[in-house]
Amino acid sequence: MAACPTVTLSSGYKMPVLGLGTYNNFENTEAVCESVKAAVDTGYRFIDTAWVYRTEPAVGRALRQKIEDGVVKRDDLFICSKLWNDRHGDVEESLMESLNDLGLSYLDLYLMHFPVSFKHHARIQKAEDAFATFEPGHVDFLDTWRDMEKLVDKGLVRSIGLSNFTIPQITRILKDPGLRHKPAYLQVEVHPYFRNSELVDFCKQQGIVVTAYAPIGRAGTDYGLAPIDNVLQDPVINKISAKYRKTPAQVALRWNIQRGLTAVVKSLTPARIQSNLQIFDFELTSEEMAAIAALDRGLRLCAFPTWKNIPEYPF
């Protein structure tokens with residue numbers, strides 16, 4: 001299997017271009033633990049999680065076992081987690097909870113999960129809870145960013161970045177006169193049915209590495225688990241996958257990577273985890289890249305209409 005390439009963040013640290021996602025609809029965290037073990041055994045070194053996913057303890061158990069077994073060293077790994085919306089006033093405290101659950105002394109990357117602030121609320125237990133109506137927390141995300149910069153200064157995180165931010169919101173951080181640590185990274189939804197090109201191009205111009213989440217389109221459901229068109233059943237993608245004897249998921253992932261993006265992809269199945277990493281031994285033609293790009297229909301899978309009362313809601 002061809003090795004997974006890396007990209008260098010503006011902070012100077014290298015990050016694998018493909019990672020394992022660990023969001024699991026707030027279900028079966030033990031399955032997440034086993035998926036992380038399988039991923040590390042397969043060759044993944046980038047693991048993506050978040051405080052709100054409730055998977056950090058499971059990820060931590062898996063990493064500890066693989067480190068104890070001698071499969072990897074801590075320095076071989078690139079671990080990313082995220083600050084939840086109701087913790088914007090408790091940035092360091094929230095990070096320390098994540099580090100404790102992960103069993104780590106530092107994170108390679110810490111993200112502001114959304115540019116919105118909630119008042120403290122009961123911890124989300126299931127997917128539909130994320131679609132509740134939350135009260136605004138009134139913490140300016142610029143203040144949150146400044147607190148995240150302090151985490152870098154203290155050596156608790158190596159790089160900091162954003163998730164689900166818009167161009168104006170990123171620009172506001174970049175133009176802050178007191179900015180000390182530039183956002184190195186942005187994680188946003190990108191897949192063949194939602195290219196998100198304007199945002200991707202902006203980040204490239206600013207030297208911000210973009211990671212696609214839901215890069216294969218979540219296989220037929222949105223984040224509210226409602227059925228939607230399945231990217232992996234698209235005739236264009238299936239025709240290309242047959243040509244290269246690759247799966248539709250591998251073609252969708254390869255398209256993201258060839259656009260100059262990175263990606264996190266979720267699976268609980270060891271065979272699929274391995275298959276998703278086998279995308280560095282073929283290359284799509286310019287015509288195939290264009291054909292997949294033409295599939296864009298503006299289909300956003302991650303949106304929370306009940307959050308529209310919150311200032312800075314991005315979608």
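Within every chain, residues take consecutive numbers counted from 1 along the sequence as written. In keeping with the predicted nature of the model, local features appear solely for residues at pLDDT of at least 70, side-chain atom pairs appear and are counted solely at 80 or more, and the whole-chain, interface and lining totals rest on all residues. Calculated side-chain values reflect all of the structure's heavy atoms, with hydrogen atoms and water omitted.

1. Focus: the pairing of strand E6 (residues 107–112)
Three labels apply to residues, based on accessible area from a 1.4 Å probe with only protein chains included: buried if under 20% of the type maximum, exposed if over 50%, partly exposed otherwise in between. Strands here are runs of E lasting at least two residues and helices are runs of H or I lasting at least four, both read from the DSSP assignment and numbered beginning at the N terminus. The element E6 is extensively covered by neighbouring structure, given that six of its six residues are classed as buried. Looking down the strands as they point away from you, a crossover is right-handed if its path from the first strand over the helix to the second goes clockwise. Tracing the backbone out of strand E5 (residues 78–83), into helix H3 (residues 91–102) and back to the parallel element E6 gives a crossover that is right-handed. A pair of strands counts as paired when DSSP detects no fewer than two bridges linking them. With five bridges connecting them, E6 and strand E7 (residues 157–163) associate as parallel partners. The residue bridging Tyr110 from the neighbouring strand is Ile160, located in E7. Once the chain exits E6 it traverses helix H4 (residues 141–153) before rejoining the sheet at E7, and the crossover so formed is right-handed.

2. Quick look at the packing of aromatic side chains
Only rings of Phe, Tyr and Trp enter the pairing, Trp through its six-membered ring, and a pair is recorded when the two centres are within 6.5 Å. The plane angle decides the type: under 30 degrees is stacked, over 60 is edge-to-face, the rest tilted. Scanning the model with the defined rule gives 20 aromatic pairs in all. On the numbers, 4.9 Å between centres and 75 degrees between planes, the contact of Phe114 with Trp307 is edge-to-face. You can see Phe114 sitting in the loop between E6 and H4 and its partner Trp307 sitting in the segment after helix H10 (286–293), a full 193 residues away along the chain. Look at Phe114 and you get buried, because its relative accessible area is 3%. Residue classification places Trp307 among the buried positions, given a relative accessible area of 1%. Between Phe114 and Phe315, the aromatic rings sit 6.5 Å apart at their centres with planes inclined by 70 degrees, giving edge-to-face as the arrangement. Within this pair, whereas Phe114 is found in the loop between E6 and H4, its partner Phe315 is found in the segment after H10, the two being separated by 201 residues in sequence. When its relative accessible area of 28% is taken as the criterion, Phe315 is described as partly exposed.

3. Regarding the nonpolar core
Core analysis: the biggest nonpolar cluster contains 110 residues, and Tyr110 and Trp307 have the highest contact counts within it. Look past the residues within four positions of Tyr110 in its chain and what remains in contact with it is Ser81, Lys82, Leu83, Val91, Ser94, Leu95, Met148, Leu151, Val157, Ser159, Ile160 and Gly161. Put simply, buried Ala, Val, Leu, Ile, Met, Phe, Trp, Tyr and Cys residues joined by side-chain atoms within 4.5 Å make one nonpolar core. What makes two residues a contact is simply this: any of their non-hydrogen atoms within 4.5 Å.

4. Things to note about the packing of helix H1 (residues 29–42) against helix H2 (residues 56–68)
Between H1 and H2, the shortest axis-to-axis distance is 8 Å and the interhelical angle comes to 35 degrees. You can see that H1 and H2 cross each other, and the crossing is right-handed. Only Ala58, Val59, Arg61, Ala62, Leu63, Gln65 and Lys66 of H2 make contact with H1, whose side of the interface consists of Thr29, Glu30, Val32, Cys33, Val36, Lys37, Val40 and Asp41. Tallied by class, the residues present in the contact of H1 with H2 amount to eight nonpolar, two polar and five charged. To define axes, lines are fitted to C-alpha atoms, for helices over the stretch in contact only, and angles between the resulting N-to-C directions are given on a 0 to 180 degree scale. Less than a right angle of anticlockwise turn of the near helix away from the far helix marks a crossing as left-handed, whereas a clockwise turn marks it as right-handed. Residue polarity follows a fixed list, in which Ala, Val, Leu, Ile, Met, Phe, Trp, Tyr, Cys and Pro are nonpolar, Asp, Glu, Lys and Arg are charged, and the others, Gly among them, are polar.

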